[in-house]
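Residue-level listing of the chains:
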Amino acid sequence: PDFLYPISKNIAAGIQKLCENDFPWTVVSPPVVFDQNQPGCGEYQIMAADYVVYNQKKESYATYDDVAKAMVKIAEEQNYPKQRVVVVSER
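Note that this is a predicted model, so its numbers are computed, not measured.

Caption draft 1: Structural detail: helix 2 (residues 64-77). Its 14 residues give helix 2 an end-to-end C-alpha distance of 20 Å, which sits within 8% of 20 Å, the value for a rise of 1.5 Å per residue. Among the structural elements, strand 1 (26-29), strand 2 (33-35), strand 3 (44-48), strand 4 (61-63) and strand 5 (83-89) are those in contact with the buried residues of helix 2. Just beyond helix 2, the residue with positive phi is Gln78, at close to 50 degrees.

Caption draft 2: Broad picture of the nonpolar core. Counting eight residues, the largest nonpolar core is built from Ile46, Ala62, Val67, Ala70, Ile74, Tyr80, Val85 and Val87. The dominant element in this core, judged by the number of residues it contributes, is helix 2, at three residues. Residue contacts for Ala70: discarding those within four places in its chain leaves Tyr44, Ile46 and Val87.

Caption draft 3: Main features of the pattern of salt bridges. Going through the model one piece at a time under the given rule, you end up with two salt bridges. Residues Lys82 and Asp22 are paired through a salt bridge, measuring 3.5 Å at the closest nitrogen-oxygen approach. Taken as a pair, Lys82 in the loop between helix 2 and strand 5 and Asp22 in the loop between helix 1 (5-19) and strand 1 lie far apart in primary sequence, 60 residues in all. Using a relative accessible area of 38% as the deciding quantity, one classes Lys82 as partly exposed.

Caption draft 4: Broad picture of the environment of Gly14. Relative to the elements of secondary structure, Gly14 occurs in helix 1. Gly14 sits in the partly exposed class, given a relative accessible area of 31%. Placed 61 residues apart in sequence, Gly14 and Ala75 show a C-alpha to C-alpha distance of 19 Å.

What counts, and at which threshold
- Each chain has its residues counted from 1, following the order in which its sequence is written.
- Only residues with pLDDT of at least 70 are given local features in this predicted model, and only at 80 or more are side-chain atom pairs given and counted; all residues enter the totals for whole chains, interfaces and linings.
- The side-chain numbers reported here are obtained from all heavy atoms of the structure, hydrogens and water having been left aside.
- Each helix corresponds to a stretch of at least 4 residues labelled H or I by DSSP, and each strand to a stretch of at least 2 residues labelled E; elements are numbered beginning at the N terminus.
- In this analysis, the expected span of each helix is defined as 1.5 Å times one less than the number of residues it contains.
- Two residues qualify as a contact provided that any one of their heavy atoms is within 4.5 Å of a heavy atom in the partner residue.
- Residues belong to a common nonpolar core when they are buried Ala, Val, Leu, Ile, Met, Phe, Trp, Tyr or Cys residues joined through side-chain atoms within 4.5 Å.
- Any residue under 20% of the maximum accessible area for its type is buried, any over 50% is exposed, and the rest in between are partly exposed; the area is computed with a 1.4 Å probe on protein chains only.
- By salt bridge we mean one thing: a side-chain nitrogen of Lys or Arg within 4 Å of a carboxyl oxygen of Asp or Glu.

Read these as spatial facts, not as claims about activity.
Here it is as C-alpha cells:
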C-alpha cells in the first residue's frame, strides 16, 4: 500500500548502508501477516530472501513467538551474515 512506501524506502536505504559496512549484519523481515495473537507453533522457516516468502499452505504468515525464536537462532548460529531473511510459520 502507498502508506508503507516511505517505510519501505527507509528500510531499503538502511540495508544499503549496512552493505557498506564490514560487520556481519542480518535483517529479519516479517511476513505479510504478522500474528501477535496466536502462540508460536515452533514450526517455522528462515529463508534468505528480499521478497515475500510463503509457507506450505501458500501463506505469508508468522507468529510473533516464532519470529522471536527465529531471531535468537539467527543470532546464535550466525548463518545469515550480510543477508536479509524472512521468517514464515506453519499453522
